[in-house]
Structures are given as C-alpha cells and as structure tokens.
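# Overview (structure and organization)
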Amino acid sequence: MSLIEKPVETPERREFYEKIDSSSYTALWTVLSDIITPEPRSTCQSHLWHFDEAKAYLLEAGNLITAKEAERRVLVLENPGLRGQSRITTSLYAGLQIVMPGEVAPAHRHSQSALRFVMDGSGAHTSVDGERTIMQFGDFVITPPGAWHDHGNDSDQPMVWLDGLDIPIVSVFDASFAEEHHEDQQPITRQVEDSSWRFGANMLPVDYERTRLSSPIFNYPYERSREALAHLERQGELDPCHGIKMRYVNPVDGGWAMPTISPCLQLLPRGFKSQRYRSTDATVFVVTEGRGRSTIAGKTYEWGPRDIFVVPSWKAVTHEADSDAVLFSYSDRVCQEKLGLWREDRGNAIPL
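Reading the values: rules and limits
Residues numbered from 1 in each chain as written. Predicted model: local features only at pLDDT ≥ 70, side-chain atom pairs only at ≥ 80, totals over all residues. Heavy atoms only, no water. Helix = DSSP H or I, 4+ residues; strand = E, 2+ residues; numbered from the N terminus. Rg over C-alpha atoms; globule rule 2.2 N^0.38 Å. Buried < 20%, exposed > 50% of the residue type's maximum accessible area, 1.4 Å probe, protein only. Contact = heavy atoms within 4.5 Å. Areas by Shrake-Rupley, 256 points an atom, 1.4 Å probe, with all protein chains shown as cover. Lys, Arg positive; Asp, Glu negative; His and termini not counted. Charge placed at Lys NZ, Arg CZ, Asp CG, Glu CD. UniProt positions renumbered as here; feature names shortened; annotations may be inferred. Pairing = 2+ DSSP bridges. Axes fitted to C-alpha atoms, helices over the stretch in contact; angles between N-to-C directions. Patch = residues over 30% accessible without salt bridge, like charges linked within 9 Å, V, L, I, M, F, W, Y side chains within 5 Å. Salt bridge = Lys/Arg side-chain N within 4 Å of Asp/Glu carboxyl O. Core = buried A, V, L, I, M, F, W, Y, C linked by side-chain atoms within 4.5 Å.

### A look at the overall build of the protein
Scanning the protein from N- to C-terminus turns up eight helices and 22 strands. Taken over the C-alpha trace, the protein has a radius of gyration of 22 Å; the compact-globule value for 352 residues is 20 Å, and the two agree within 12%. With respect to the three principal axes, the spread of C-alpha positions in the protein is 70 × 50 × 50 Å. Counting the 352 residues in the protein, one finds 48% classified as buried. Restricting to contacts in the protein with at least 6 residues of sequence separation, those with at least 24 account for 75%. Accessible area for the protein stands at about 17,900 Å²; split by element, carbon and sulfur atoms hold 50% of it. Placing the 36 positive and 50 negative side-chain charges of the protein at their respective mean positions leaves the two points 5 Å apart.

### Points about the UniProt feature "domain: Cupin type-2" (unreviewed entry) in the protein
Under the UniProt annotation, the feature "domain: Cupin type-2" (unreviewed entry) is placed at residues 96-163. Its end C-alpha atoms 6 Å apart, residues 96-163 is made of 0% helix and 57% strand.

### Quick word on the sheet that holds strand β18 (residues 299-303)
Taken in spatial order, the three strands line up as β18-β17-β20 in an open sheet, and their pairing is antiparallel. The strands lining the two open edges of the sheet, one partner per strand, are β18 and β20 (317-321). Direction aside, neighbouring strands of the sheet carry axes that sit 15° apart on average. Two elements, strand β17 (residues 292-296) and β20, share five bridges in a ladder whose sense is antiparallel. Bridge pairing links R293 to E320 in β20.

### Details of the pairing of strand β16 (residues 283-289)
Most of β16 sits out of view: six of its seven residues are buried. Judged from the four bridges that link them, β16 and strand β19 (residues 308-311) form a sheet pairing that is antiparallel. Bridged to F285 within β19 is F309. As paired strands, β16 and strand β21 (residues 325-331) are joined by six bridges and run antiparallel to one another. By the bridge assignment, V287 is partnered in β21 with L327.

### Let's talk about a nonpolar patch on the surface
Together, L3, I4, L28, I35 and I36 give the surface a local cluster of nonpolar side chains, amounting to about 520 Å² of exposed area. Position of L3 relative to the elements: it lies in the segment before α1 (11-21).

### Quick notes on the nonpolar core
If you look at the biggest cluster of nonpolar residues, it comprises 52 residues, and the most contacted ones within it are L96, M119, F140, L162, I308, F328 and Y330. If we ignore the near neighbours within four places in the chain, the residues touching M119 are F51, L96, F137, V160, W161, L162, V286, R306 and I308.

Shown next, in the form of structure tokens:
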C-alpha cells in the first residue's frame, strides 16, 4: 500500500465499496492518502485585506445595524479557500469589529478564547469579569474562555479592532457554550487596569492560585511592547527569518499568553529582507506600522499600516521592509506544540 497513490479501482472493488457504504463503512485504502497526507494540505490560501477598504465597509455597516442588535458588529475575514466557514485559517477565526461613539456591545460569555488587537481609534473600553481596561491603538487584549465581557465606546470616534478566536478549534471538539448577561454592561468590581498592576510588574500575589490557563493580564499595552522591540533593535541582533520577534507571555508560567492562540509582535527594520521560512502553524499578520511586502509561495503582497494578511501552513514566506515595520501575528502554534505537531523549516532552499 502507498501513502500517496490509491489502489486501482476495479468493478469488483467498486461493487464492494457500494455495498459496505449502505452500512456506513468506508475502506481505509480508498481514503488513506487524503486523510494522512505526506505534507500539510488544505484549501487555505494566502490573502491580504486592505484596511482602508475594510473600514469603509465597517462604517457602512455602522449605519445599517446597531451593536446591540448585531450582538457584535463584525465583518468576518473569510479565507478565499474556506468561504462559508467563518475561518481565516483551518483552525482560527478573524473579524474586524466596529463600535461607534456612545455604543455598547452587550455582555456575554462563551467557551471560545478571544483576542482583540486595536486597529483604529482610542479610548473605548473592554470589561472582562468585573475589570475594565481602556483600549489604545496597538493594544493586545485577552478574553479568556468563559469570561463575561462587554465593550463600550465613550470616545467621539469609531473604534475598530481585530477579533481573533479559536472558534474552529472549539468546534472540532463540539464543546461550544454561550450565554448572554442579564445586563448590557457587567458590574465593575475592580479598579481600571487592576490586573496589570497585580500581575504585570514582575510579581504575583503571594497566595495566588491559578484558576485559568490564560494569562491573568488581559491588556498588553502597545506602547510598552513597542519600546521593548526598539530596545532590542539597538542591540543589533536580528533573526534572519523574523527580524526581532517576541511572544506575549503568561506571567504565571512564562508560557504563551493564551492556551490555544499564540500571539506575537515583531519588528522588521528598514531594509530588512528575511530568509525564507515556513512552519505548520498558519499565521495571521496585522501590519501595525510601516510598509513593505511579503512573498508567500511565490506570490507577493504589498502591505501598509493596518493591512491584514494570512500565511497558510507550510507555505514559504519572506518579508521585506521599506521602512521600520511592526507586525502583530497570531496562530495555533501553542496547540501544535502541546500535541507534538509543530514543525518549522528555516532553510534558504525551501521549494516553493
């Protein structure tokens, strides 16, 4: 038997397959090469979404439906190869959410983990389990699974952020639950930014007991993260594939900040051109600053501030920066690492 080629289908074999099909059987040798593939294989495609176009659509949607009526006024970024599935990769979801001035996106909770990455505007807030944080451009915000959360915009400008969720992962396990709060906005029981002071100062409360796998910090301010990248750039130590790439961590154990999603922030200095790289975690990139281009499996995408693009699993990618560029990204790497599946190839001779 071959893992690549299927056995010849004779009339007798076809008759047998049809007979067992009526009793809900399938002959493994007829599908083995489709379900255990020599390399990652899916219909996920590389693609780029321009933010200017997306914002125009979001503003139009803002005049069509309220945040309360929609529950979440979001435009889903559907991968062209996965249309109709609400997926940007085979395992992850992405959407752009807009909250207009004075609006509230009602409180609810669900099994799925969520991240927010602020794309446009400042001064809106997110509340998670009784704590409120004020959102600024570039902030990375976590909503742990099962946590009550709501959003509001007390500023005078629309707020737009990227929602990244593990919806497809939870669906694989058929483990989705969701619940609406009885109030649009949950009661606030702790000071603003309490978790940042409690867990984000290289200390933990002496009797802290872990209750969640997610980081107890739920807002990682961009200003501080960007400063760290700038400091490391001055050291001049560039990874040939990533420039300077840092992962957001859980201060409790030093692991990834989320249990199913791996968020990162990286700096590509002006003129930097990366070596070819590929890995098994399909990755969503958000351009926070700068301009440049990425070539994915031989196709080049020109990007600028706030644009979003996706690199499918095991497709070779290179990045080139025309100016200092900062990219936020997220993938399912943490899941693959836990399952012993994650693999990367940092060679210069990766076949396209």
